[in-house]
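Residue strings, one per chain:
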Amino acid sequence: MIYDIQPGVRGIIFDLDGTLVDSIPYHFRAWKEAARKYGAEVATSFLNRHNGTASREIAAELIREYDLGKKVSWEQLLNEKTNEFSKLQHLIKPIEPVASLVIKYYQKLPIALGTGGHRKAVERTLKAVNLSEYFKVIVTADDIENFKPHPETFLKCSIRMKVDPSGIEVFEDTDQGIEAALSAGMRATDVRKWLDSM
């Protein structure tokens with residue numbers, strides 16, 4: 001299979017977790033460890049259901065699902081998760097077919113990162129996989145009001161890239177991300193199909 005961008009694309013946006021880097025198992029471990037401190041054993045099925053959801057929304061939903069409202073706030077839980085995740089980030093590896101496109105089109109086309117992660121964690125992940133230098137435009141959960149599947153993340157990338165949405169291809173690994181890209185008027189490539197063929 002040939003892994004490349006579509007014809008006529010004038011700018012590229014990459015999601016991070018599960019698209020550009022193989023970080024989802026470490027996010028799951030971090031959520032489970034954070035919740036365990038408050039007496040909750042979080043099911044993998046819960047985390048799979050919320051994969052692609054912004055971190056602070058996962059924290060709030062986890063508290064509702066496991067009745068932790070009297071024990072912890074979503075902010076505290078998210079901080080615990082971020083701390084646990086930081087211990088694992090050195091283990092993260094790039095997803096090669098996608099990461100190779102970043103390198104291939106660097107300084108040839110405008111490139112952006114559009115992610116539901118929080119900036120500090122995102123920057124640490126990029127550093128761990130040696131991709132920091134390739135992204136001048138990064139839009140995180142800290143930069144927006146509306147999370148995927150709302151198109152705000154990608155539209156903000158488009159503005160900063162100075163590329164019309166119709167000329168942008170988005171690489172994503174979740175249904176919410178694909179919906180956000182299409183709602184923004186962009187082309188969407190589901191990298192899960194790529195990973196299944198590897």
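See the structure shown above.
Residues numbered from 1 in each chain as written. Predicted model: local features only at pLDDT ≥ 70, side-chain atom pairs only at ≥ 80, totals over all residues. Heavy atoms only, no water.

Visitor: Please explain the overall build of the chain as it appears in this structure.
Guide: Regarding its fold elements, the chain presents 9 helices and 5 strands. Secondary structure elements of the chain, listed N to C terminal, follow the sequence β-α-α-α-α-α-β-α-β-α-β-α-β-α. Relative to the 2.2 N^0.38 estimate, which gives 16 Å for 198 residues, the radius of gyration of the chain is 17 Å and therefore close to what a compact globule would have. Considering only C-alpha atoms, the chain reaches an extent of 55 × 30 × 30 Å along its principal axes. When the 198 residues of the chain are sorted by exposure, 53% land in the buried category. If you take every contact in the chain between residues at least 6 apart in sequence, the share linking residues at least 24 apart comes to 66%. The averaged location of the 28 negative side-chain charges in the chain is 4 Å from the averaged location of its 27 positive side-chain charges. (Helix = DSSP H or I, 4+ residues; strand = E, 2+ residues; numbered from the N terminus. Rg over C-alpha atoms; globule rule 2.2 N^0.38 Å. Buried < 20%, exposed > 50% of the residue type's maximum accessible area, 1.4 Å probe, protein only. Contact = heavy atoms within 4.5 Å. Lys, Arg positive; Asp, Glu negative; His and termini not counted. Charge placed at Lys NZ, Arg CZ, Asp CG, Glu CD.)

Visitor: Help me understand empty space enclosed by the protein in this model?
Guide: Summary: where empty space remains is shown by rolling a probe the size of a single water molecule over the atoms. If you walk through the whole model with that rule in mind, you get 1 cavity of 30 Å³ or more. In this structure, the largest cavity is lined by Gly52, Thr53, Ala54, Thr115, Gly116, Ile144, Phe147, Lys148 and Thr153. (1 Å grid on protein atoms, 1.4 Å probe; cavity = no way out; pocket = protein on both sides within 12 Å on 5 of 7 lines; lining within 4 Å. Points joined across faces, edges and corners; volume = space filled by probe spheres on them.)

Visitor: Sorry, what's going on with the pairing of strand β5 (residues 187-190) here?
Guide: Each regular strand carries side chains that alternate between the two faces of the sheet. Relative to β5, strand β4 (residues 168-172) is paired through 4 bridges, and the arrangement is parallel. Its bridge partner being in β5, Glu169 is matched across the sheet by Arg187. The β-α-β motif built from β4, the intervening helix α8 (residues 175-183) and the parallel element β5 has right-handed crossover chirality. (Pairing = 2+ DSSP bridges. Right-handed = clockwise from strand over helix to strand, strands pointing away.)

Visitor: Before we go on, may I ask you to explain the sheet that holds β4 in this structure?
Guide: Adjacent strands of a sheet form backbone hydrogen bonds with each other and so pair up, either parallel or antiparallel. What the 5 strands build is an open sheet, ordered β3-β2-β1-β4-β5; its pairing is parallel. Bordering the open sheet on either side are β3 (137-139) and β5, each of which pairs with just one other strand. Geometrically, the sheet is characterised by an average inter-axis angle of 20 degrees between neighbouring strands, direction not taken into account. For strand β2 (residues 111-114) and β3, the ladder comprises 3 bridges, and the chain directions are parallel. (Axes fitted to C-alpha atoms, helices over the stretch in contact; angles between N-to-C directions.)

Visitor: Could you clarify how one ought to interpret the side chain of Asp190 in this entry?
Guide: Here Asp190 is to be found in strand β5. Looking at Asp190, its side chain comes within polar contact range of the side chain of Arg192, at 2.8 Å. Not counting residues up to four positions away in its chain, the partners in contact with Asp190 are Glu172, Asp173 and Ile178. (Polar contact = N/O pair within 3.5 Å; in protein donor to acceptor, adjacent residues only side chain to side chain.)

Visitor: So what exactly am I meant to see when it comes to the packing of aromatic side chains here?
Guide: A ring pair, where both rings are aromatic, is described by two values, the distance of the centres and the angle of the planes. Going through the model one piece at a time under the given rule, you end up with 6 aromatic pairs. When the ring of Phe171 is compared with that of Trp194, the centres are 5.5 Å apart and the planes differ by 65 degrees; the resulting orientation is edge-to-face. Highlighted residues: Phe171 in strand β4 and Trp194 in helix α9 (residues 191-197), separated in sequence by 23 residues. For the residue pair Phe171 and Trp194, the accessibility class agrees, reading buried in each case. In this structure, Lys81 is placed above the aromatic ring of Phe85, and the distance from its NZ or CZ to the ring centre is 4.7 Å. (Phe/Tyr/Trp six-rings, centres within 6.5 Å; stacked < 30°, edge-to-face > 60°. Lys NZ or Arg CZ within 6 Å of the ring centre and 35° of its normal.)

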